[in-house]
Amino acid sequence: MRITIVTSGRIHVANLACELIRLGHELIFHSIVPPKRLEAFGIGIPRANQRCHLAAVAPLIPMLRMRRLPRRVKQSADLWMRRILDDRYAKINDPGDVFIGLSGLCLKSLEAAKSRGAEILLERGSRHILSQKRILDTLTPCKPSLVSDQDVERELAGYELADRIVVGSRHVQQSFLEEQIAREKIFCNPYGVDLSEFPPTTLRSDPYDVIMTGSWSLQKGCDTLATVVLERLGCSLLHVGPVGDAPLPEHHRFRHVDPVPQAELLKWYAKARVFALPSQQDGLALVQAQALACGLPIVGSTRSGAEDLAELLGLRAPVIQAIAPGDEGALAKAIERALQISDNSGKRDLLGQKGKILSWQAYGDRYGKFLSSLAG
């Protein structure tokens, strides 16, 4: 097939592009990520298959990176960036047989591609926008919503235009079903992980009991995690990643590390016994698969995608556990069980040959079969 993928950052669709090219499809990848940057992340999309649109939105990038900028200003800058890119992507003369775009980013471009005969696939990394908004508004009831009215409008319009909506986990799929989106319109395909970048690790000396990677924010459940690990269990906690809307704990058993390149995450996974991410809402957090591939038992939530990893791999508790978001008692028990089986000697390989199921290649193969079914 002839395929066009449009995005802002690289996220999982950059890996998808690599896999669809491997499967023999003719593909053009549009983003704001320069080719050298993609190569630095190990994304092997040939340069002839890339189109970079960074110059069109470059003035907005510094605003989006400023930590102290008011939320409403950042939301406005983000919306402008999406509109600019959407307008550019709508001018693609030949969208191919299949046009794959991100929800919230694509609207005019979906309409244009559809008018030119392309099959429209909309990639949605999080829950249905109305479900997501309800959850996030509950977490920060006295602040401006993380999900603006414009976000809702663009998302709902995109769902309507799409021929298929592609999601990464069953809880995301369920949120669409609850909003009366037909099951046959949704394709659920759990994301992969680069197994060469995240091999089994040997536990370093003097390790931390629990590690969490990603944004330190309320929607990631960091407040619940800190209370359970530091106070209830009396364990140590390591966080690697940016600081979001929640304060870092001031505790002698807690350590924070600012964001590191993805290739350096391996050494931090090697410093911990268990990975935990009790998210309030996440599509399928890629960091869970990373930690699992490195040999750490994982504790996620029923809204983190942990259940999908368990089903995909055929692994059950205590290697992979999923608890209800915000349930401190269940989280404490799950972490205790995971610590009990944590391997402290030699290479930590929990997956063996099953690890291949977590690869981007396996993810791409599933996507390829889906595309074949559309062609059929």
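First, a word on scope: everything that follows refers to the structure included in this document. (Residues numbered from 1 in each chain as written. Predicted model: local features only at pLDDT ≥ 70, side-chain atom pairs only at ≥ 80, totals over all residues. Heavy atoms only, no water.)

Turning our attention to the sheet that holds strand S1 (residues 2–6). Taken together, the 7 strands give an open sheet; going across it, the order is S3-S2-S1-S4-S5-S6-S7, and neighbouring strands pair in parallel fashion. Since the sheet does not close on itself, it has two edges, and those belong to strand S3 (50–52) and strand S7 (186–188), each with one partner. Across the sheet, the mean angle from the axis of one strand to that of its neighbour is 20°, orientation sign disregarded. By the bridge criterion, 5 bridges tie strand S4 (residues 98–102) to strand S5 (residues 119–123) in an arrangement that is parallel. Pairing of Phe99 across the sheet is with Ile120, part of S5. Sitting on the sheet, helix H1 (residues 11–22) touches S1, strand S2 (26–31), S4 and S5, and the angle it makes with S2 is about 160°. (Pairing = 2+ DSSP bridges. Helix = DSSP H or I, 4+ residues; strand = E, 2+ residues; numbered from the N terminus. Axes fitted to C-alpha atoms, helices over the stretch in contact; angles between N-to-C directions. Contact = heavy atoms within 4.5 Å.)

Quick look at the side chain of Gln290 now. Within the secondary structure, Gln290 sits in helix H12 (residues 286–293). Setting aside residues up to four positions removed in sequence, Gln290 forms contacts with Val193, Phe198, Gln262, Leu265 and Tyr269.

A few words on the sheet that holds strand S14 (residues 320–323). For sheets, the rule is that strands pair by backbone hydrogen bonds, running either parallel or antiparallel. Taking strand neighbours across the sheet as the criterion, the 6 strands line up as S11-S10-S9-S12-S13-S14 in an open arrangement whose pairing is parallel. Of all strands in the sheet, those with a lone pairing partner are strand S11 (254–257) and S14, marking the two edges. Pairs of neighbouring strands in the sheet enclose a mean axial angle of 20°, with direction left out of account. Sheet topology places strand S10 (residues 237–240) next to S11; 4 bridges connect them, and they run parallel. Bridge pairing links Leu238 to Arg255 in S11. Along the sheet, helix H13 (residues 306–313) makes contact with strand S13 (298–301) and S14, crossing S14 at roughly 145°. Across the sheet, helix H14 (residues 328–341) touches strand S9 (208–213), strand S12 (272–277), S13 and S14, and the angle it forms with S14 is around 175°.

All right, on to the pattern of salt bridges then. The final tally for this structure, using the stated rule, is 17 salt bridges. Ionic pairing is found between Lys108 and Asp87, a salt bridge with its closest N-O pair at 3.2 Å. Of this pair, Lys108 sits in helix H6 (residues 108–115) while Asp87 is found in helix H5 (residues 71–89), placing the two residues 21 residues apart along the sequence. What makes Asp87 partly exposed here is its relative accessible area of 31%. Residue Arg134 pairs with Glu179 through a salt bridge whose shortest N-O separation is 2.9 Å. Note that Arg134 is positioned in helix H7 (residues 129–139) and Glu179 in the loop between helix H9 (170–178) and S7, a separation of 45 residues in sequence. (Salt bridge = Lys/Arg side-chain N within 4 Å of Asp/Glu carboxyl O. Buried < 20%, exposed > 50% of the residue type's maximum accessible area, 1.4 Å probe, protein only.)

Another point: the environment of Leu339. In this structure, Leu339 sits in helix H14. Judged by relative accessible area, Leu339 falls into the buried class, the value being 12%. Along the primary structure Leu339 and Val210 are separated by 129 residues, whereas in three dimensions their C-alpha atoms are 8.6 Å apart. Excluding anything up to four places from it in sequence, Leu339 contacts Asp209, Cys235, Arg273 and Val274.

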